[in-house]
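The primary structure of each chain is shown beneath.
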Amino acid sequence: MDLTTTYLGLQLKNPLVASASTFTKKTDQAKRLEEAGLSAIVMHSLFEEQIIHESLELDHFLSHGTETFAEALTYLPDIGTYSIGPDAYIEQLAEVKQAVSIPVIGSLNGVSTGGWIHFAKEMEQAGADALELNIYFVPVDLEITSSQLEDAYIKLVSDIRQQISIPIAVKLSPFFTALPHFANRLVEAGANGLVFFNRFYQPDFDLEELEVYPNIMLSTPYEMRLPLRWIALLYGRINTDFALTSGIHSAEDAIKAMMAGAKVAMMTSALLRNGIQTAAEILEDMRIWLEEHEYESIQQMQGSMSQQAVAEPSAFERANYMKVLSSFGDGREMPHTAISSRIIHRTLSSSADDDPFWSS
Amino acid sequence: MYDPALLKDAPETFKSTGARFRELPGQVLTIQVAPEDCTGCALCVEACPAKDKSQVGRKAINMTPQPALRESEAANWEFFLSLPEVDRTSIAFNSIKNSQLLEPLFEFSGACAGCGETPYLKLMSQLFGDRSIIANATGCSSIYGGNLPTTPWTMNSDGRGPAWANSLFEDNAEFGLGMRLCLDKQVEYARELLPHFSSEVGDTLVDALLTAPQKSETDIAAQRERVVTLKERLQGLSGNTRAQDLLSLADVLVRKGVWIVGGDGWAYDIGFGGLDHVLASGHNVNVLVLDTEVYSNTGGQSSKATPRAAVAKFAARGKDMKRKDLGLIAISYGYIYVARIAMGSSDVQTLNAFLEAEAYNGPSLIIAYSHCIAHGFNLRKGLEQQKLAVQAGYWPLYRYNPDRIAEGKPAFILDSKGPSISLDKYAYNETRYRMLLQSDEARAEMLMRAAQEDVYQQWEVYRRLAQTTTIGTATDPTGLAV
């Protein structure tokens, strides 16, 4: 069975890729990822904040309070050479690259352009086969418009494109008003691939302490629905490689990702929950499934259930609540375009109760 | 806490709220900051548990820029100082809430902002400050405790406060023992003299002075009144040498505590021989070790209290040995009260340890986790970091109370639970651990693994101790005893 695929111009032995996680902080664990059959590894992320913060923090605490008492000129020994933030990251990337034979993709996480982006170049020099640019910014400023925000993202991708020659994938959040348009702009700015979607630390509340604490839960298979839809919608319409990440927990999930149009399916949560060896089991299950269903290769199925390929393209465009409401429809189903225009009309005018379409 | 009628003269911006103390109903309460002396460490704000239900970021006490409030709050502070202190005999001290009504006799020290040591000294001064004699080892506590010509040790309105003196690094325990022996001798002589003056001062007074239990604050207040009466009655005997001796010694008839205070550099290292000797002597002294795990005031040199995997001067590659378990050494004697405390994890356990140590008629040792500028983190989070140290099982809280042996109870009480987070979750919040990770990651990981193993081993030892009824009074394993 031919499980091979291509992603960002890289030839991969199968479409299962390890997404950015702490596994790659340990070289032996990175090797285990390869041994389990994963076809490429995305390194853990190097954060813009980390690059700036760690160096300032160390300097602060090595000198803090040293002016207060003559008998203590310092409180900690200054070792002199530190491998902080980016240095340690670059060293680790090089070490992982040396240790495995599968492609290694560096991961850079930030939002602003500036001096820190030269680390993209350092990742390339350290041997990264590609770069995954993880952009996420919470635009809390009331003055920032969506177009300003998108322009900033595009500028960042363009700047990094000029720095390096290895392929770039952009990992995005799903929270864009007009995702297809923006995705297309990213590709025009130099992105070779789009990774759908990022998962974030979300604040939760501790009711006893009345405190906010950000945390992240492992993904569930349900979470793949969102990237599945968007990849299926954009496959064939934007000339780029898609990667589906979030919610890949089984062979079925990975196969769905391929059918939507993804070149690779990325996973971490299942490996954390069930162990790295889970990847080998999923690959074997994929192989069996393909054989049982008489597929010749992965590439044969890629995009086979994208919007352009399915019998009912409108299924991808309906919002869930629409399905629920129309299921009461007793023959009143309307063409997709009519429903869409009704939504826009309703949003711009008044409540559903006042709308003759819903109340008639 | 005071009578609301006193608020009639309060400045306009002075704040108060109804006090909720069952023992003292109808009172109001004020927490007042000294605006011109606050160092801005924010520890009080971090520790404050009271949050506004409509705006949880606002607490009962909040940090705010000082200039706009300086003048009005300075007036409030002056008024606050004019309010009467709570009568020490009207409340029990055995709750945190009540203990914090007591007047601190340690204030405005020269310590670093956010120092982890000073809260213990403040508590000690609140509980026993008006009848304490303190021997202070050289170290941070002798610097901020004696930043001459001023001193943070102060007196109450009766003129009573801790008597404090600082000796050398290497002899502080002996210095404190000397105080104890002198005090004991003075008490002995005073008690010897008293019966000779039964006819002049009255049999009843002499009997009461000699037999007063002096356990509770009320007992002590009563004894102080007896001493006042004794002194008045002795005034008329100016020509009598022995009466003059008794007059000069009368104050020692009120029970006093000797506190021997110092850091880990003193207790674990330089003064250890003397400390061991003094503890072993069985005399009634209280030892408070403010354990920052390094020589803090000389700039963070490694001591025997420095933990494995931490970087310190003379351990720049990270210390590769376990820290000494001073508490366990003291426990091995069987007759020394020992407590390991961390106020940020359990203020109640800290309070109980102080009360029990002082009440124990023998040597006592309190080892107090003290976060420090030499640990390299924002000390505003000091109490939180203490909590993590306990949660990681790195700093188990316990009390070993020999008095419980006679009651047939286990002398060793574990006051904290077993490790619930990994050690690195606590340690890597601090530069002293993290800098090794940033300079030699492989060694840092090796040491952290070993340090984690230390935690598990230590916990196992303590867990077993807590199941043991006594130390030193086990049954005869040979069956040969007659």
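Residues numbered from 1 in each chain as written. Chains lettered and ligands numbered in written order. Predicted model: local features only at pLDDT ≥ 70, side-chain atom pairs only at ≥ 80, totals over all residues. Heavy atoms only, no water.

Visitor: Break down the pairing of strand β10 (residues 211–215) of chain A for me, citing the residues and quoting the values.
Guide: All names here are of chain A. Judged from the 5 bridges that link them, strand β9 (residues 202–206) and β10 form a sheet pairing that is antiparallel. Counterpart to Asp206 in the pairing with β10 is Glu211. With antiparallel pairing between neighbouring strands as the criterion, β9 and β10 make up a hairpin whose turn holds 4 residues, including Leu210 at a positive phi of roughly 55°. (Pairing = 2+ DSSP bridges. Helix = DSSP H or I, 4+ residues; strand = E, 2+ residues; numbered from the N terminus.)

Visitor: Can you explain the packing of aromatic side chains? Please cite residues and give values.
Guide: Residue and element names in this part refer to chain B. This structure, assessed with the given rule, holds 23 aromatic pairs over all chains. A centroid spacing of 5.1 Å and a plane angle of 85° characterise the contact between Tyr369 and Trp395, whose relative ring orientation is edge-to-face. With Tyr369 in strand β12 (residues 364–369) and Trp395 in the loop between α15 (382–391) and β13 (398–400), this residue pair connects regions lying 26 residues apart in the sequence. Both residues of the pair, Tyr369 and Trp395, count as buried. Taken together, the aromatic side chains of Tyr369, Tyr394, Trp395, Tyr426 and Tyr433 make up a single cluster linked through ring pairs. When the ring centre of Phe21 is taken as origin, the NZ or CZ atom of Lys97, which lies over that ring, is 4.4 Å away. A cation over an aromatic ring shows up here: Arg340 above the ring of Trp395, its NZ or CZ 4.1 Å from the ring centre. (Phe/Tyr/Trp six-rings, centres within 6.5 Å; stacked < 30°, edge-to-face > 60°. Buried < 20%, exposed > 50% of the residue type's maximum accessible area, 1.4 Å probe, protein only. Lys NZ or Arg CZ within 6 Å of the ring centre and 35° of its normal.)

Visitor: Give me the lowdown on the domain arrangement of chain B, citing residues and values where you can.
Guide: All names here are of chain B. Assigned domains of chain B: these are domain 1 (1–84) and domain 2 (292–466). When each unit is reduced to the centre of its C-alpha atoms, the spacing between domain 1 and domain 2 is 34 Å. Facing 7 residues of domain 1, the contacting portion of domain 2 comprises 6 residues. In total, about 470 Å² of surface goes out of reach between domain 1 and domain 2, with carbon and sulfur atoms giving 57% of it. For Lys381, the salt bridge goes to Glu46, with nearest N and O atoms at 3.5 Å. For the pair domain 1 and domain 2, the interface holds 1 residue pair in polar contact (both at pLDDT 80 or more). A per-class count over the side of domain 1 that touches domain 2 returns 6 nonpolar, no polar and 1 charged. (Domains from an automatic or database assignment. Contact = heavy atoms within 4.5 Å. Buried area = accessible area lost by both parts, 1.4 Å probe. Salt bridge = Lys/Arg side-chain N within 4 Å of Asp/Glu carboxyl O. Polar contact = N/O pair within 3.5 Å; in protein donor to acceptor, adjacent residues only side chain to side chain. Nonpolar A, V, L, I, M, F, W, Y, C, P; charged D, E, K, R; others polar.)

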